[in-house]
Amino acid sequence: MDFQLSDDQRALRAGMRELLTGRFGRDRMRAALDAGVAVDRGMWGELGAAGFFALRLAEADGGVGLGLPESVLLFEEAGRVLLPGPLAATHLAAGAVGAVKGAADGGAVVAVLDEGRPVAHLEAADALIALGPVRPGGVARVLEGDVLRELVRTARPVRSLDPLTPLHRVTAGVEDGVPLPGATPLRLEGALLAAAEQLGSAARTTEMAVQHAREREQFGSPIGAFQAVKHLCAQMLVRAEVARTAVYAAAVTADPAEIAGAKLLADEAAVHNARDCLQVHGGMGFTWEADVHLHLKRAWLRAGEWLRAAEAEEALAADLCRVHACDAGDL
Amino acid sequence: MDLADTDEEREFRARLREWLAAVLPGLPAKPGPDDWPGRRAYDTAWQRMLYDVGYAGLHWPVDAGGRGATPTQHLIFLEETERAGAPYVGANFVGLLHAGPTIAAEGTAGQRARWLPPVLRGDEIWCQGFSEPEAGSDLASLRTRAVRDGDHYVVTGQKIWTSHAEVADWCELLVRTDPAAPKHRGISWLAMRMDAPGVTVRPLRTLAGSTEFAEMFLDEVRVPVSHRVGAENDGWRVTMVTLSFERGTAFVGEVVACRRTLSALAAEVRRSGRWDDPVLRRTLGRLNAEFRALWRLTQWNVAEAQRSGGVPGTGGSVFKLRYSQARQELYDAAAEVLGADGADLDREWVLDRLTSLSYTIAAGTSQIQQNIVAERILGLPKGR
């Protein structure tokens, strides 16, 4: 056992951090926010060129040939900088050989449709993966071309809570499209990648809170010297670190219950840490100018995607049951 | 990132399992919680069995009589013994996890030869005399005085929360040897015999009704200067070596036990026909995520310690904060599962629920742990 990052994994993470710092630093992020452009095709291509989407595609198929552990490290970095776009769906489409042309190299944007939920980045999408129901055996489908165009035409835009995640409500049925086998792994892998983004956000808001607590002075000392503030920050780190080991371990084992646990804890860490970060920032935290609200809004959205708290908890309860050989089949 | 056993680790685990399966059925019945002589005999007999087959002091350095096992092997040992239902370290806790490692790290050759082998063999039991009525979280403000008189210290003061005091042979004692120095710089570490004249032990009753720890009154107790470990007035640094050991793998067995309890709770809910209650189901599901993650965090911290050459990192504070809270939530969930039976002390988990109230206090309160995390890991300024 050596449950620590390998040198290669550290290098991969450092490389992605460098790429994102250069290509999507805070100024670029705020510019995208002001312009209302969530998916930048140029950057999507650069991410593709860097192997972000084709990371798990076999080398023989033109991919990088790495695994889920490497993927979660990249998605964690994306979550830190609030990188917008349907990253997980495009990554999953790229991993299924030939499912969507151009997904692997960042030439295509692939969004995801989960029954009953608003669709993110629908207008930018070249293809749409319609996830099956949560239960096993549900079949995912890929929608492209005329089928997709018709779906977009009848979709209703939603005034999105997260300014960098445009949302649409889809009314049309999704029985059309090409079936993609194995909806459950797709949902689980999507949940894990989203959990990794939540982890990145939770770690980043911890850093932001700590930095502010060190610099902001009241009553003649940095507010971080007061235990009321200090303890908020300490609990943020605890949440982020517990989520980190949950996400990393789930990436190593790919165990469904472990993934459910990772999503549950990472959602909680991202949402709760963003709220605490906002609190530590005081009045500044309530402004549009501070980035805190962007982390919170994105975290709220992601918590509602792929695998929600109630579903994760049910899956984890069913897992306890399996240990004692009582009726499984709840999920 | 690798969670699988290496070939060596797999073999270590297999041999241990085989041995446990062979010896555990032959163990005598566990003594009752208030039968202190019985508990000492039971715990030391187990330690002797471990010693005889080479599992004693697994994580101690070889030159201290230990096996020099890797942190991962120690983790496997704690995991497998708990899974198999083997006896807990019990009365040997302070000797094996506090006093022993301190002596191994800071003691002279003579001190190591005198004190370490009896700990490994289960011949001698140690207790800890650190906390005082006026020195809890602020341990360094301790006032128990030790005055030099020739080749002895004369020790007078009062200690509290001393576990296993009734059955211990030795006490690792923190005393003030220089009252004029700043509080961290006037402390020394002494090994005191518990049968020395002037030592009075008075058991304290916990809220769970048992006598898990005691007060200790010291009235001009004479301790040889040769029983001081480390330099005079250097006891604070010597002690910190001990405390960091406590937060390495100290909770491995407990996390394994919590996961087993959680499965048993789920089985109990099924048995009582309440599995259709979504609130109860989701509560247990959430705790499953919690304890799975705590197990992974343990493995993460152990792997980190292994890479750094066995030094436990600050990850222990992060772990303890979350674990102590989760364990209290576990027994709150148990009370929900038990329903009306939650008031019956003879039902499983009810006493555990009471005991779990100490977890956010003992070995550094959650508030102190949060200060440690904020100041030492996050680098926030020291304050009040």
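No experiment lies behind these values; they were computed from the predicted model shown.

(A) View of the domain arrangement of chain A. Residue and element names in this part refer to chain A. Partitioning chain A into domains gives domain 1 (7–181) and domain 2 (185–323). Once you take the C-alpha centre of each, domain 1 and domain 2 turn out to be 21 Å apart. Across the boundary between the two partners, domain 1 contributes 40 residues, which contact 34 residues of domain 2. Where domain 1 abuts domain 2, roughly 3,300 Å² becomes buried across the two surfaces, and 65% of that area is made up of carbon and sulfur atoms. Contact with domain 2 buries surface across domain 1, with Arg80, Leu82 and Leu92 losing the most and accounting together for 19% of the total. Our count for the domain 1 to domain 2 interface comes out at eight salt bridges. Residue glutamate 207 pairs with arginine 80 through a salt bridge whose shortest N-O separation is 2.9 Å.

(B) Fine view of the confidence of the model for chain A. Across chain A, the average pLDDT comes to 92, with 92% of residues at 70 or higher. In the predicted structure, residues 325–331 of chain A sits below a pLDDT of 50 and forms eleven contacts with residues beyond four places in sequence or in another chain.

(C) Main features of the domain arrangement of chain B. Residue and element names in this part refer to chain B. In terms of domain boundaries, chain B breaks down into domain 1 (7–88), domain 2 (126–231) and domain 3 (247–377). Using C-alpha coordinates to define each centre, domain 1 is positioned 29 Å away from domain 2. On the side of domain 2, seven residues touch domain 1, which itself brings five residues to the contact. Among the residues domain 1 hides against domain 2, the three largest losses belong to Asp34, Trp36 and Arg40. Together they make up 83% of the total. The tally of links from domain 1 across to domain 2 stands at two salt bridges. Its residues assigned to classes, the side of domain 1 that touches domain 2 comprises two nonpolar, no polar and three charged.

(D) Geometry of the sheet that holds strand β2 (residues 119–120) of chain A. All names here are of chain A. With respect to topology, three strands assemble into an open sheet ordered β2-β6-β5, the strand pairing being antiparallel. Two strands close off the open sheet at either side, each with one partner strand: β2 and β5 (156–158). When β2 meets strand β6 (residues 167–169), the two strands line up antiparallel, connected through two bridges. Along β6, the bridge assignment pairs valine 119 with histidine 168.

(E) Up close: the interface of chain A and chain B. The interface of chain A with chain B comprises 56 residues on the first partner and 52 residues on the second. For the pair chain A and chain B, the summed buried surface comes to about 4,900 Å²; carbon and sulfur atoms form 61% of the total. Per-residue buried area on chain A facing chain B is highest for Met1, Gln4 and Leu320 of chain A; these three make up 18% of the total on that side. Our count for the chain A to chain B interface comes out at nine salt bridges. Notably, a salt bridge pairs glutamate 375 of chain B with lysine 230 of chain A, separated by 2.6 Å at the nearest N-O pair. Inspection of the region where chain A meets chain B yields 24 residue pairs in polar contact (both at pLDDT 80 or more). Counting residues per element, the ones that place at least two in the side of chain A that touches chain B are α1 (7–23), α7 (183–215), α8 (227–253), α9 (256–280) and α11 (309–323) of chain A. Take the side of chain A that touches chain B: its biggest share by element is 17 residues, from α8 of chain A. Tallied by class, residues from the side of chain A that touches chain B come to 30 nonpolar, twelve polar and 14 charged.

Rules used throughout
- Residues numbered from 1 in each chain as written.
- Chains lettered and ligands numbered in written order.
- Predicted model: local features only at pLDDT ≥ 70, side-chain atom pairs only at ≥ 80, totals over all residues.
- Heavy atoms only, no water.
- Domains from an automatic or database assignment.
- Contact = heavy atoms within 4.5 Å.
- Buried area = accessible area lost by both parts, 1.4 Å probe.
- Salt bridge = Lys/Arg side-chain N within 4 Å of Asp/Glu carboxyl O.
- pLDDT = per-residue confidence, 0-100.
- Nonpolar A, V, L, I, M, F, W, Y, C, P; charged D, E, K, R; others polar.
- Pairing = 2+ DSSP bridges.
- Helix = DSSP H or I, 4+ residues; strand = E, 2+ residues; numbered from the N terminus.
- Polar contact = N/O pair within 3.5 Å; in protein donor to acceptor, adjacent residues only side chain to side chain.

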